[in-house]
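# A look at the structure
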Amino acid sequence: MSERRFVYARGSPIHPVSRVAAPLSPLPHQKAFIRIVTAKDNLVARARSALVRRVDPLAARRAATLAERRTAGIEQSAAVDAALDATSAVAVRDLAQKIRDGGADLHDQAALAQLVEAYLTHQDPASMPHGVAQAVAASFEGLWQPVGEPVPEPPPFIRDVIRDQFHRLYYHVSKRTWKDTWYRGVRTYKCPTDMWVYMELIDQLEPGLVIETGTYRGGSALYIADRLETIGAGNVVTVDVNEPPNPPEHPRITYLTGSSTDPAIVEKIAGMIPEGSPVLVILDSDHSRDHVAGELAAYAPLVPVGSYLIVEDTNVNGHPAAPDFGPGPMEALWDFMATDPGFEVDAHCERYFLTQNPSGYLKRVR
Ligand SMILES: C[S@@+](CC[C@H](N)C(=O)[O-])C[C@H]1O[C@@H](n2cnc3c(N)ncnc32)[C@H](O)[C@@H]1O
């Protein structure tokens, strides 16, 4: 299996099944936190006792006693809740402080990040005691508090937690993010940071043809056509099974209707590439693994050395968004990269942290 298969946004490891529950193999210290994810019945009590046990033995005893009483159904009073919350809050804050002060080891970082992720992604917010919720929020903030110059990079695990949580927030409140993104009044399902990277690639490559599968409303095609206009060269061809309603007109755009993997469509598009010119291919149609695999087989041969092929929406199926999506672009990409040595992931295209195409910017190198 190729090394590239596991490259994910600047080299951090990607879990082949799911990045949600276990991005790293659990360390002995982490086992308590892994349980937080799986045992929802007494989630809060386990989290508190596990966490304080690592930080302060006295607080641990107190928290364990309180948690036991609580689980046994006694002393279900506001006072007990408050004490329990306060204990955990202090413990979480202490651990966050330790990390900020640079005194934490990998286990500490992993423990806190796992706890924060468990609370933020798996906990029913309604059952989250207020004090703990506040402490976790404060700790999340405290995962990285850069001060002074030069600002050091956060440890990779912390960086990835912050990046992935923002990604999930961005992706899953779609009605105010990627489903409400417009270019010159036309809707586009693109992330602004990716659009900026597309602009850079177009400036750098000066492609004779940009090939886009998945037109939707034509917003992305219009954006690309305008970028080509600014460099005074190239055209964009965009194909969709559905004819877009009122597609934006532009002298550099050609719209095709049909399936992107239809051999007749592929042949027609191949014939539009100017002899010897760079090419930019953007796969953004049907995001099922099989369809993307078909597109990769059809369009990769059209990409010359030095040009790019972008596999969009590799973020779904838990990478890190939409864990229930099923095999999609990322899985097709893995299979493709394992068999085609011609492309490398260009991690520089992911430097803005937020991308809907993690590991999806492929440069032909041979
Ligand atoms: C995610 S949208 C494209 C978004 C567009 N590129 C943008 O950024 O605004 C996916 C599009 O793919 C189209 N589609 C689905 N299956 C397709 C196929 N087999 N061939 C071509 N287009 C397809 C859908 O009709 C839909 O409009």
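### Examining the overall build of the protein
- Of regular secondary structure, the protein possesses 12 helices and 9 strands.
- Relative to its 366 residues, the protein shows a buried fraction of 39%.
- Of the contacts made within the protein by residues no fewer than 6 positions apart, 68% connect residues no fewer than 24 positions apart.

### Concerning helix 9 (residues 219-231)
- Over its 13 residues, helix 9 extends 19 Å from the first C-alpha to the last, a length consistent with the 18 Å expected when each residue adds 1.5 Å.
- Among all positions in helix 9, only Gly219, Ser220, Ala221, Leu222, Tyr223, Ile224, Ala225, Arg227 and Leu228 are buried.
- Buried positions along helix 9 lie against strand 1 (182-183), strand 2 (186-187), helix 8 (192-205), strand 3 (209-213), strand 4 (235-240) and strand 5 (253-257).
- Just downstream of helix 9, glycine 232 is the residue with a positive phi angle, here 70°.

### Concerning the nonpolar core
- Ranked by internal contacts, the top residues of the largest apolar core, which has 45 residues, are Ile211, Ile224, Val236, Leu280, Val281, Leu309 and Ile310.
- If we ignore the near neighbours within four places in the chain, the residues touching leucine 280 are Leu201, Ile202, Leu205, Pro207, Val210, Ser307 and Tyr308.

### What to know about the pairing of strand 6 (residues 279-283)
- Within strand 6, 5 of the 5 residues are buried, which leaves the element mostly enclosed by the surrounding structure.
- Burial along strand 6 is two-sided: the face carrying Val279, Val281 and Leu283 and the face carrying Leu280 and Ile282 are both buried.
- As paired strands, strand 3 and strand 6 are joined by 5 bridges and run parallel to one another. Within the sheet, the bridge partner assigned to valine 210 lies in strand 6 and is leucine 280.
- Relative to strand 7 (residues 308-311), strand 6 runs parallel, the two sharing 4 bridges.

### With respect to unusual backbone geometry
- With an omega of -5°, the peptide bond running from glutamate 149 to proline 150 counts as cis.
- Looking at the secondary structure, you find proline 150 in the loop between helix 6 (130-142) and helix 7 (156-172).
- Between histidine 319 and the following residue, proline 320, the backbone shows a cis peptide bond with an omega angle of 5°.
- Within the chain, asparagine 317 stands out as a residue other than glycine whose phi angle is a positive 65°.
- Along the chain, asparagine 317 turns up in the loop between strand 7 and helix 12 (329-339).
- Residue asparagine 317 is classed as buried on the basis of its 23 C-beta neighbours within 10 Å.

### Digging into the site of the ligand
- Neighbouring residues of the ligand: 20 residues in total, closest Gly214, Tyr216, Ser220, Ser285 and Asp286.
- Counting residues per element, the ones that place at least two in the shell around the ligand are strand 3, helix 9 and strand 4.
- Across the shell around the ligand, the residue classes tally to 4 nonpolar, 11 polar and 5 charged.

### What about the packing of helix 11 (residues 289-299) against helix 12?
- Where helix 11 contacts helix 12, the axes come no closer than 8 Å and their chain directions differ by 45°. Between helix 11 and helix 12, the angle is such that the two are oblique. Our pair here, helix 11 against helix 12, has a crossing hand that is right-handed. Contact with helix 11, carried on its side by Arg289, Val292, Ala293 and Leu296, involves Pro329, Glu331, Ala332, Asp335 and Phe336 of helix 12 and no other residues of that element.
- Split into classes, the residues belonging to the contact of helix 11 with helix 12 amount to 6 nonpolar, no polar and 3 charged.

### Points about the environment of proline 245
- Of note, proline 245 is situated in the loop between strand 4 and strand 5.
- Spatially, the C-alpha atoms of proline 245 and glycine 218 are 9.0 Å apart, while their sequence positions differ by 27 residues.

### A word on the sheet that holds strand 6
- Pairing is mixed across the open sheet formed by 7 strands, whose spatial order is 5-4-3-6-7-9-8. Whereas interior strands pair on both sides, the edge strands pair on one side only; in this sheet they are strand 5 and strand 8 (343-345). On average, each strand axis in the sheet is tilted by 20° relative to the strand beside it, whichever way the strands run.
- Across 5 bridges, strand 3 lies against strand 4 in parallel orientation. Paired with threonine 213 across the bridge in strand 4 is valine 239.
- Contacts between helix 11 and the sheet are confined to strand 3, strand 6 and strand 7, with strand 6 contributing the most and set at about 170° to the helix.

Conventions used here
- Residues numbered from 1 in each chain as written.
- Predicted model: local features only at pLDDT ≥ 70, side-chain atom pairs only at ≥ 80, totals over all residues.
- Helix = DSSP H or I, 4+ residues; strand = E, 2+ residues; numbered from the N terminus.
- Buried ≥ 20, exposed ≤ 12 C-beta atoms within 10 Å, placed from the backbone.
- Contact = placed C-beta atoms within 7 Å.
- Expected span 1.5 Å × (residues − 1).
- Core = buried A, V, L, I, M, F, W, Y, C linked by C-beta atoms within 7 Å.
- Pairing = 2+ DSSP bridges.
- Near = placed C-beta within 6 Å.
- Nonpolar A, V, L, I, M, F, W, Y, C, P; charged D, E, K, R; others polar.
- Axes fitted to C-alpha atoms, helices over the stretch in contact; angles between N-to-C directions.
- Parallel < 35°, antiparallel > 145°, perpendicular 65-115°, else oblique.
- Left-handed = near helix turned anticlockwise from the far one by under 90°.

Bear in mind that shape data such as this cannot, by itself, settle questions of function.
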